[in-house]
Amino acid sequence: MNLKEYLSITPEISAAIRDGKPVVALESTILSHGMPYPDNLAFAAEVERIVRAEGAVPATMAIIDGVLKVGLTQDELELMCKGEGVAKVSRRDLPIMVAEKRTGATTVASTMILASLAGIRVFATGGIGGVHRGAQETFDISADLEELANTSVMVVCAGAKSILDLGLTLEYLETHGVTVIGYGTSELPAFYTRKSGFGVDYELDTPEQLAKAFHVKRELGLRGGLLVTNPIPEEYSMDKEVIDKAIAEAVEDAKKDGIHGKATTPYLLAKIKDLTGGDSLDSNIQLVFNNARLGAAAAVELSKVRYFVIYLAAINLITFCVYGADKRRAKIQGARRVPEKTLFALALLLGSAGALFAMRVFHHKTRHWYFRFGIPAILLCQIAAGVYVYVRFFAA
């Protein structure tokens, strides 16, 4: 697969991905189709600032002149915010947008695709699409759900948009094996409000737990993403009766106006904004800021997990090689040996598994009781410490 022809990653983001630094993907549909210019430009700048403040690199996605953009320049960001001739792009649209060299804003689904192609594992957004109300008749189900079932990206959101049928959305996700996490809550957030009346699969309370869960999922080779639902901050949560009334009225208007397909969500959100006097947009902005913070924190922790795994593999490989080299030198009279203190130090630096394996393979130091019993003891202590840390800080 030759991606160089289609995929453009900014030097900063490319370097961050290469070096294993935390990167957070951001969508562009909210910019081109969710709010007016220049408010959206200021919003985009603030989201990126929040991600950076938390220690991660922001990567806003878009398709510009047929090129899949991972990270935008200021001019490109302004182009997306002005929204002139900018299409709303999901999975089905990508081949045509690229082949015809068109320009479009990425939805949740297409942002996940671009993030996965680039090697970015965390994506922060407002809310995901889902099963629309009345889907029993219309079969109107967002492509976001299929993408969550197939693409390995952690998606941090404020739940599915409350204009949807949340119960059916959860059923769909369950059927497709998508784990729904509540961040600090056992109840699914409903986008504008903190409660929906529906439960999540699991509650996790720290970015470390989120990172560990996603890392394990990938290590097990399980397909699909991890959905993290993060409640809107209490001070920006809307009154449930007010927002439910506005949603019901907007849904009825959409039916009367014959709105369907990809036009449904922008129509409903705009109508709800008008019905609530702009309060819904204010809440939408704040929940995205909140998700950007959590997404960045999770990305930082995920990068730590990755670095630790790399370190663990490297130190054990080095230890194994050093033990093997010392065994070879032992057979050469007068050869300079590796000090035993160094051999023990490598084991203490988490290379004990490599040391024990080398002792068995090379039959090295097996006659020395302090190695024969000491190295296994170090390994057992390190395993016990690892289990304690996992239970204390990561286990739900």
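Before going into details, it helps to say that this report is about the structure given with it.

Parameters and conventions
Per-chain numbering applies: the sequence of each chain, read as written, is numbered from 1 onward. Local features are withheld for residues below a pLDDT of 70 in this predicted model, meaning they are given only at 70 or higher, and side-chain atom pairs are given and counted only at 80 or more; totals for whole chains, interfaces and linings count all residues. Only hydrogens and water are set aside; all other atoms, that is, all heavy atoms of the structure, feed into the side-chain values. Numbering goes from the N terminus for both helices and strands, where a helix is a DSSP run of H or I of at least four residues and a strand is a run of E of at least two. Throughout, exposure labels follow a simple rule: accessible area from a 1.4 Å probe, protein chains only, divided by the maximum for the residue type, with under 20% read as buried, over 50% as exposed, and the rest as partly exposed. The criterion used for residue contact is that any of the two residues' heavy atoms lie within 4.5 Å. A 1.4 Å probe and the Shrake-Rupley method give the accessible areas. Residues count as covered only by the protein chains that appear here. Charged residues are defined here as Lys and Arg on the positive side and Asp and Glu on the negative side; His and the ends of the chain fall outside this count. Every charge is mapped onto a representative atom, which is NZ of Lys, CZ of Arg, CG of Asp or CD of Glu. By this definition, two strands are paired if DSSP reports at least two bridges between them. Each salt bridge in this description consists of a side-chain nitrogen of Lys or Arg and a carboxyl oxygen of Asp or Glu lying within 4 Å of one another. Working definition: rings of Phe, Tyr and Trp (its six-membered ring) pair if their centres are within 6.5 Å, and the pair is stacked with planes under 30 degrees apart, edge-to-face with planes over 60 apart, and tilted otherwise. To define axes, lines are fitted to C-alpha atoms, for helices over the stretch in contact only, and angles between the resulting N-to-C directions are given on a 0 to 180 degree scale. In what follows, roughly perpendicular refers to angles from 65 to 115 degrees, roughly parallel to angles under 35, roughly antiparallel to angles over 145, and oblique to any angle outside these ranges. Should the near helix be turned anticlockwise from the far one by less than a right angle, the crossing is left-handed, and should it be turned clockwise, the crossing is right-handed. Under the convention adopted here, Pro, Cys and the residues Ala, Val, Leu, Ile, Met, Phe, Trp and Tyr are nonpolar, Asp, Glu, Lys and Arg are charged, and Gly plus all remaining residues are polar. Polar contact criterion, stated in full: a pair of N or O atoms within 3.5 Å, where within protein one must be able to donate a hydrogen and the other to accept it, and residues adjacent in sequence count only if both atoms are side-chain atoms.

Focus: the overall build of the chain
Part 1 of the reasoning: Check the secondary structure of the chain and you find 16 helices and 11 strands.
Part 2 of the reasoning: A burial count over the chain gives 51% of its 396 residues as buried.
Part 3 of the reasoning: Sequence separation of at least 24 residues holds for 73% of the intrachain contacts in the chain that already meet a minimum separation of 6.
Part 4 of the reasoning: Accessible area for the chain stands at about 19300 Å²; split by element, carbon and sulfur atoms hold 57% of it.
Part 5 of the reasoning: Treating the 43 positive side-chain charges of the chain as one cloud and the 44 negative ones as another, the clouds have centres 16 Å apart.

Overview of the pairing of strand β9 (residues 179–183)
Part 1 of the reasoning: Extensive coverage of β9 is indicated by the burial of 4 of its 5 residues.
Part 2 of the reasoning: Sheet topology note: the β9/strand β11 (residues 226–229) ladder contains 4 bridges and is parallel. Residue pairing in the sheet places glycine 182 in a bridge with threonine 229 of β11.
Part 3 of the reasoning: Pairing of β9 with strand β10 (residues 202–204), which is carried by 3 bridges, proceeds in the parallel orientation.

What to know about the pattern of salt bridges
Part 1 of the reasoning: Going through the model one piece at a time under the given rule, you end up with 13 salt bridges.
Part 2 of the reasoning: Across the pair glutamate 12 and arginine 52 runs a salt bridge whose closest N-O atoms are separated by 2.7 Å. Taken together, the residues glutamate 12 in helix α1 (residues 11–18) and arginine 52 in helix α3 (residues 39–53) connect sequence positions 40 residues apart.
Part 3 of the reasoning: When the shortest N-O distance is used, the salt bridge between glutamate 187 and lysine 195 registers 3.9 Å.

Considerations on the packing of aromatic side chains
Part 1 of the reasoning: By the definition in use, this model includes 9 aromatic pairs.
Part 2 of the reasoning: Measuring from centroid to centroid gives 5.0 Å for phenylalanine 320 and phenylalanine 362, while their planes differ by 40 degrees, and the two rings are tilted. With phenylalanine 320 in helix α13 (residues 279–330) and phenylalanine 362 in helix α14 (residues 340–362), this residue pair connects regions lying 42 residues apart in the sequence.
Part 3 of the reasoning: Owing to a relative accessible area of 23%, phenylalanine 362 belongs among the partly exposed residues under this scheme.
Part 4 of the reasoning: Between the aromatic rings of tryptophan 369 and tyrosine 370, the centroid separation amounts to 5.7 Å while the plane-to-plane angle is 85 degrees, which identifies the pairing as edge-to-face.
Part 5 of the reasoning: Following the ring pairs from residue to residue traces out a cluster consisting of Tyr323, Phe344, Trp369, Tyr370 and Phe371.

Focus on the pairing of strand β3 (residues 57–64)
Part 1 of the reasoning: Counted residue by residue, β3 has 8 buried out of 8 residues, so it is predominantly covered.
Part 2 of the reasoning: Residues Val57, Ala59, Met61 and Ile63 point to one face of β3 and Pro58, Thr60, Ala62 and Ile64 to the other, with burial holding for every one of them.
Part 3 of the reasoning: Alignment of strand β2 (residues 23–26) against β3, held across 4 bridges, turns out to be parallel. Looking across to β3, one finds that leucine 26 is bridged to threonine 60.
Part 4 of the reasoning: Bridge count for β3 against strand β4 (residues 67–70) is 4 bridges, and the pairing is antiparallel. Note that in β4 the partner of alanine 62 across the bridge is lysine 69.

A word on the packing of α3 against α13
Part 1 of the reasoning: In the contact formed by α3 and α13, the axes pass within 8 Å of each other and the chain directions differ by 25 degrees. Classified by the interaxial angle, the pair formed by α3 and α13 is roughly parallel. Here α3 and α13 pass one another in a crossing that is right-handed. Contact residues: α3 offers Phe43, Glu46, Val47, Ile50 and Val51, while α13 offers Ile285, Val288, Phe289, Ala292, Arg293 and Ala296.
Part 2 of the reasoning: For the contact of α3 with α13, the per-class residue count stands at 9 nonpolar, no polar and 2 charged.

Re the environment of lysine 4
Part 1 of the reasoning: Among the structural elements, lysine 4 can be located in the segment before β1 (7–9).
Part 2 of the reasoning: Accessibility expressed as a relative area gives 78% for lysine 4, which makes it exposed.
Part 3 of the reasoning: Measuring from C-alpha to C-alpha, the distance between lysine 4 and leucine 68 comes to 10.0 Å, with 64 residues separating the pair along the chain.

So, the packing of helix α10 (residues 207–219) against α13
Packed helices, taken two at a time, are described by the angle between their axes plus the distance between the axes.
Part 1 of the reasoning: Following both chains from N to C, one finds α10 and α13 inclined at 55 degrees, their axes separated by 8 Å at the closest point. When the interaxial angle is binned, α10 and α13 end up oblique. Here α10 runs over α13; the crossing is right-handed. Contacts between α10 and α13 involve Pro207, Glu208, Leu210, Ala211, Phe214 and His215 from the former and Leu294, Ala297, Ala298, Glu301, Leu302, Val305 and Val309 from the latter.
Part 2 of the reasoning: The class makeup of the residues in the contact of α10 with α13 is 10 nonpolar, 1 polar and 2 charged.

Brief notes about the side chain of threonine 169
Part 1 of the reasoning: Counting through the fold element by element, threonine 169 comes out in helix α9 (residues 166–175).
Part 2 of the reasoning: Judged by its relative accessible area of 2%, threonine 169 is buried.
Part 3 of the reasoning: In terms of polar contacts, threonine 169 uses its side chain to reach the backbone amide nitrogen of valine 131, at 3.0 Å.
Part 4 of the reasoning: Residues within four places of threonine 169 in sequence aside, it is in contact with Gly130, Val131, Leu145, Ala160 and Leu164.

Regarding unusual backbone geometry
Part 1 of the reasoning: Across the junction of tyrosine 37 and proline 38, the peptide omega takes the value 5 degrees, indicating a cis bond.
Part 2 of the reasoning: Its location among the elements puts proline 38 in the loop between α2 (29–33) and α3.
Part 3 of the reasoning: A positive phi angle, close to 65 degrees, is found at phenylalanine 191, a residue other than glycine.
Part 4 of the reasoning: By the secondary structure assignment, phenylalanine 191 is in the loop between β9 and β10.
Part 5 of the reasoning: We note that leucine 350 has phi near 75 degrees; this positive angle belongs to a residue other than glycine.
Part 6 of the reasoning: Within the secondary structure, leucine 350 sits in helix α14.

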